[in-house]
Amino acid sequence: MLFEDKILYTRQAFENGVVDDLFRFELLGERPGWARVFLTEVGAPDCVLVTPGGMAHRALSAMRELLLNDEVACELLVPATLYPLALEEAVLERLSAAGHVCVADDGSEGGTWSAEVARRLYGPLWPTLRQPIGLVNAADSILPTALHLEREIMVQDSTIRSAVLGALS
């Protein structure tokens, strides 16, 4: 079964390892692998965000705000497949180097993809974790059809930014 986030149809694809003026990307691991979005001048990031592809642009926006306004350097990891999730050595190395790990998805709290990813990460990352893995989820509510109301329920870039700042403070 194949799931695609409809928002991806409206976004431009990244090419030649360049995301924008600040961020670059590379592919990690074996096929299907992971995408890694990072700052070239930063060693170990303050936080690594893990999100599905449909949230990548919101995570990038949060990363930009965190860097420019809060001096917090983040990295983004996006798996090519949601299930089964391949926790490859290259991915675990990036996560182990981070000051904080935060997993975000659009599901409402409880039994979400992000909770399952965090559960899977705790075992291999336990020796290096400095604090619990952060989870960012949509509000526990029915999704409204009006766009302005939907924005209040769904995870936004500001939601991700607040979660990272809260964890690092």
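Worth saying up front: this structure is predicted, and the values here are computed from it rather than measured.

### A closer look at the confidence of the model for the chain
- Averaged over every residue, the pLDDT of the chain is 89; residues scoring 70 or more account for 89%.
- Confidence, expressed as mean pLDDT per element, reaches its minimum in the chain at strand S1 (residues 23-28) with 89 and its maximum at strand S3 (residues 47-50) with 98.

### Let's talk about the packing of aromatic side chains
- Inspection of every chain in the model, using the stated rule, returns one aromatic pair.
- Over the face of the ring belonging to Phe-38 we find Arg-36, whose NZ or CZ atom lies 4.0 Å from the ring centre.

### What about the pairing of strand S6 (residues 134-138)?
- Taken across its five residues, S6 has four buried, putting it largely inside the fold.
- Relative to S6, strand S5 (residues 101-108) runs parallel, the two being bridged by four bridges. When the bridges of S6 are listed, Cys-102 appears paired with Gly-134.

### Quick notes on the sheet that holds S3
- If you walk across this open sheet you meet the six strands as S1-S2-S4-S3-S5-S6, and the pairing is mixed. Each edge of the open sheet is held by one strand with a lone partner, namely S1 and S6. Taking the axes of each pair of neighbouring strands and ignoring which way they run, one obtains an average angle of 25° across the sheet.
- Strands S1, strand S2 (34-39), S3, strand S4 (74-79) and S5 of the sheet are contacted by helix H1 (residues 56-70), whose axis makes an angle of about 170° with S4.
- Running over the sheet, helix H3 (residues 113-125) touches S3, S4, S5 and S6 and is turned about 155° from S5.

### Examining the nonpolar core
- Judged by nonpolar contacts, the single largest core of 24 residues is most densely connected at Leu-49, Met-63, Leu-76, Ile-160 and Val-164.
- Going through the elements one at a time, S2, S3, H1, S4, S5 and helix H5 (157-168) are the ones with two or more residues in this core.
- Looking at which element gives the most residues to this core, the answer is H1, with six residues.
- Not counting residues up to four positions away in its chain, the partners in contact with Val-164 are Cys-47, Leu-49, Leu-66, Val-72 and Cys-74.
- Counting residues in hydrophobic clusters, the runner-up holds 18 residues, among them Leu-77, Val-91, Leu-95 and Ala-98.

Here is what the cut-offs are and how they apply
Residues numbered from 1 in each chain as written. Predicted model: local features only at pLDDT ≥ 70, side-chain atom pairs only at ≥ 80, totals over all residues. Heavy atoms only, no water. pLDDT = per-residue confidence, 0-100. Helix = DSSP H or I, 4+ residues; strand = E, 2+ residues; numbered from the N terminus. Phe/Tyr/Trp six-rings, centres within 6.5 Å; stacked < 30°, edge-to-face > 60°. Lys NZ or Arg CZ within 6 Å of the ring centre and 35° of its normal. Buried < 20%, exposed > 50% of the residue type's maximum accessible area, 1.4 Å probe, protein only. Pairing = 2+ DSSP bridges. Axes fitted to C-alpha atoms, helices over the stretch in contact; angles between N-to-C directions. Contact = heavy atoms within 4.5 Å. Core = buried A, V, L, I, M, F, W, Y, C linked by side-chain atoms within 4.5 Å.

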